[in-house]
Amino acid sequence: MPEATLTNAITNALHASFLLAYLIGATRAKIPRVVKGLFFLLFILKLMGVYVHYAPYSPSSARVWAIIAVSTVAMNFIVMREARVGWKVCFGVIAICIAATGIFLTGVGDFSYIALPTALVFGVAAYHAHPGSKLRLGLVMVVISNLVWIAARKIGQGIAGGEVPVDYRYDNDLYHFLLIASTFVIYQGFLERRRAKTL
């Protein structure tokens, strides 16, 4: 098996294990059900991500990617609501996410149509999150993670003179490590908010 295909699956599985730990921790800390639902959804998405990275040429890979893309819209909605984003802004941003997902599902194969709307969502959520909170920091880190991944992919395409083959997409590993750090800070942010409510 090509090394990048294997490492992409491993780093995604590593992130999945961290998300499971956050889910367990959120349950023990009695964090609101919707937040636990968010971590559960992220965990399931990561498990699917392990599959599509491990078996990118599988006949079912495209269908799994479609499920991931659509589920990401749901994740984005939850994130904005938990960051107290107003309904009008929330629906406007989600409309952009749905449009981008629709373009992705037409088979363009450009994952920027998932990453860019996600960066927008987390940016809007960060703007509405409490200033100086860990939650805001974690949300900003996700924005940076997505922008770094997009830049790394575009640079790779420039060097390769076209689409980077799946076998050599090590930028995914960088992305997964950045997301591990980002979601840890977000998890700490939810714990911080929970503690503040109990004081």
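Everything below is about the structure printed above this text.
Chemist: It is not clear to me how the packing of aromatic side chains should be interpreted in this structure. Could you clarify?
Modeler: Within this structure, the stated rule accounts for eleven aromatic pairs. Aromatic side chains Phe18 and Tyr22 sit 6.3 Å apart centroid to centroid with 50 degrees between the ring planes, which places their arrangement in the tilted category. Of this pair, Phe18 and Tyr22 are both found in helix α1 (residues 3-28), four residues apart, which corresponds to roughly one turn of the helix. Measuring from centroid to centroid gives 5.4 Å for Phe104 and Phe111, while their planes differ by 50 degrees, and the two rings are tilted. By way of ring pairs, the aromatic residues Phe18, Tyr22, Phe39, Phe184, Tyr187 and Phe190 are connected into one cluster. One residue, Arg81, lies across the ring of Trp87, its end atom 3.8 Å from the ring centre.

Chemist: How do you make sense of the pattern of salt bridges when you look at a structure like this?
Modeler: If the charged atoms of two oppositely charged side chains come close together, the side chains can form a pair. Counting across every chain of the model gives four salt bridges. Across the pair Asp110 and Lys154 runs a salt bridge whose closest N-O atoms are separated by 3.8 Å. Remark: Lys154 occurs in helix α6 (residues 134-160) and Asp110 occurs in the loop between α4 (87-108) and α5 (112-128); sequence separation between them is 44 residues. On the basis of relative accessible area, Lys154 is assigned to the partly exposed category, the value being 38%. In this structure, the salt-bridge partner of Glu163 is Arg169, at a minimum N-O distance of 3.1 Å.

Chemist: It is not clear to me how the nonpolar core should be interpreted in this structure. Could you clarify?
Modeler: A general tendency of soluble globular proteins is for nonpolar side chains to be buried together. The biggest cluster of nonpolar side chains holds 52 residues, and the ones touching the most others in it are Phe39, Val79, Met80, Phe122, Leu139 and Phe190. A total of nine residues in this core trace back to one element, the largest contributor, which is helix α2 (residues 33-54). Dropping the residues within four chain positions of it, Phe122 is found in contact with Met75, Asn76, Val79, Leu139, Val142, Val143 and Ile186.

Chemist: Just to check I follow, could you spell out unusual backbone geometry for this structure?
Modeler: Glycine aside, a negative phi is what most residues show, and trans is what most peptide bonds show. At Lys30, a position not held by glycine, the phi torsion is positive, near 60 degrees. Residue position: Lys30 is located in the loop between α1 and α2. In this model, Arg84 sits at a positive phi of 65 degrees, which is unusual for a non-glycine residue. When you line up the elements, Arg84 lands in the loop between α3 (61-82) and α4.

Rules used in this analysis
Residues numbered from 1 in each chain as written. Predicted model: local features only at pLDDT ≥ 70, side-chain atom pairs only at ≥ 80, totals over all residues. Heavy atoms only, no water. Phe/Tyr/Trp six-rings, centres within 6.5 Å; stacked < 30°, edge-to-face > 60°. Helix = DSSP H or I, 4+ residues; strand = E, 2+ residues; numbered from the N terminus. Lys NZ or Arg CZ within 6 Å of the ring centre and 35° of its normal. Salt bridge = Lys/Arg side-chain N within 4 Å of Asp/Glu carboxyl O. Buried < 20%, exposed > 50% of the residue type's maximum accessible area, 1.4 Å probe, protein only. Core = buried A, V, L, I, M, F, W, Y, C linked by side-chain atoms within 4.5 Å. Contact = heavy atoms within 4.5 Å.

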